[in-house]
Amino acid sequence: MLLKDKEKSTYKEDVVREKPLRSVVKSISWRIIGTLDTILISWVITGKLALAFSIGSVELVTKMVLYFFHERVWNSIKWGK
């Protein structure tokens, strides 16, 4: 078996086997990074750390939920698999 063929079959297996829990964990890890960025930007713009954390906390929840559903929809699309 060629290495290229092995990589393709491994990729296909991974795409097929992704579970909703994996999407949850990915969304949490990405949101931590994204929320820290939002807090920093909000703090720089407003100059108020409390307001920056308020913005970041709302953004954390809304974007995590949106990302989860975005991942689930893309996992159901056959294009590119």
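Residues numbered from 1 in each chain as written. Predicted model: local features only at pLDDT ≥ 70, side-chain atom pairs only at ≥ 80, totals over all residues. Heavy atoms only, no water.

### Details of helix 2 (residues 20-46)
The periodicity of an α-helix, 3.6 residues per turn, causes residues three or four places apart in sequence to face the same way.
Here is step 1: The terminal C-alpha atoms of helix 2 lie 37 Å apart, and with 27 residues this matches the ideal 39 Å at 1.5 Å per residue to within 8%.
Here is step 2: Burial in helix 2 covers these residues: Ser23, Ser27, Arg31, Gly34, Thr35, Thr38, Ile39 and Ser42.
Here is step 3: Of the surrounding elements, those touching the buried residues of helix 2 are helix 3 (49-76). (Helix = DSSP H or I, 4+ residues; strand = E, 2+ residues; numbered from the N terminus. Expected span 1.5 Å × (residues − 1). Buried < 20%, exposed > 50% of the residue type's maximum accessible area, 1.4 Å probe, protein only. Contact = heavy atoms within 4.5 Å.)

### So, the packing of aromatic side chains
Here is step 1: Summed over all chains, the structure comprises two aromatic pairs.
Here is step 2: On the numbers, 5.3 Å between centres and 80° between planes, the contact of Phe68 with Phe69 is edge-to-face.
Here is step 3: Where Trp74 meets Trp79, the ring centres are 6.4 Å apart and the plane angle is 55°; that geometry is what we call tilted. (Phe/Tyr/Trp six-rings, centres within 6.5 Å; stacked < 30°, edge-to-face > 60°.)

### Some thoughts on the environment of Thr46
Here is step 1: Locating Thr46 in the fold gives a position in helix 2.
Here is step 2: Since its relative accessible area comes to 30%, Thr46 is described here as partly exposed.
Here is step 3: A polar contact is formed between the side chain of Thr46 and the backbone oxygen of Ser42, at a distance of 2.7 Å.
Here is step 4: A distance of 3.1 Å separates a polar atom in the side chain of Thr46 from the backbone nitrogen of Lys48. (Polar contact = N/O pair within 3.5 Å; in protein donor to acceptor, adjacent residues only side chain to side chain.)

### Observations concerning the environment of Trp74
Here is step 1: Position of Trp74 among the secondary structure elements: in helix 3.
Here is step 2: Residue class for Trp74 comes out partly exposed when judged on its relative accessible area of 40%.

### Some remarks on the pattern of salt bridges
Here is step 1: Going through the model one piece at a time under the given rule, you end up with two salt bridges.
Here is step 2: For Lys26, the salt bridge identified is with Glu71, shortest N-O distance 3.2 Å. Of this pair, Lys26 sits in helix 2 while Glu71 sits in helix 3, and the two are 45 residues apart along the sequence.
Here is step 3: Of the charged contacts in the structure, one is a salt bridge between Glu59 and Lys63, with a shortest N-O distance of 3.8 Å. Linking Glu59 with Lys63, this pair stays in helix 3, spanning four residues, or about one helical turn.
Here is step 4: Residue classification places Glu59 among the buried residues on the basis of a relative accessible area of 8%. (Salt bridge = Lys/Arg side-chain N within 4 Å of Asp/Glu carboxyl O.)

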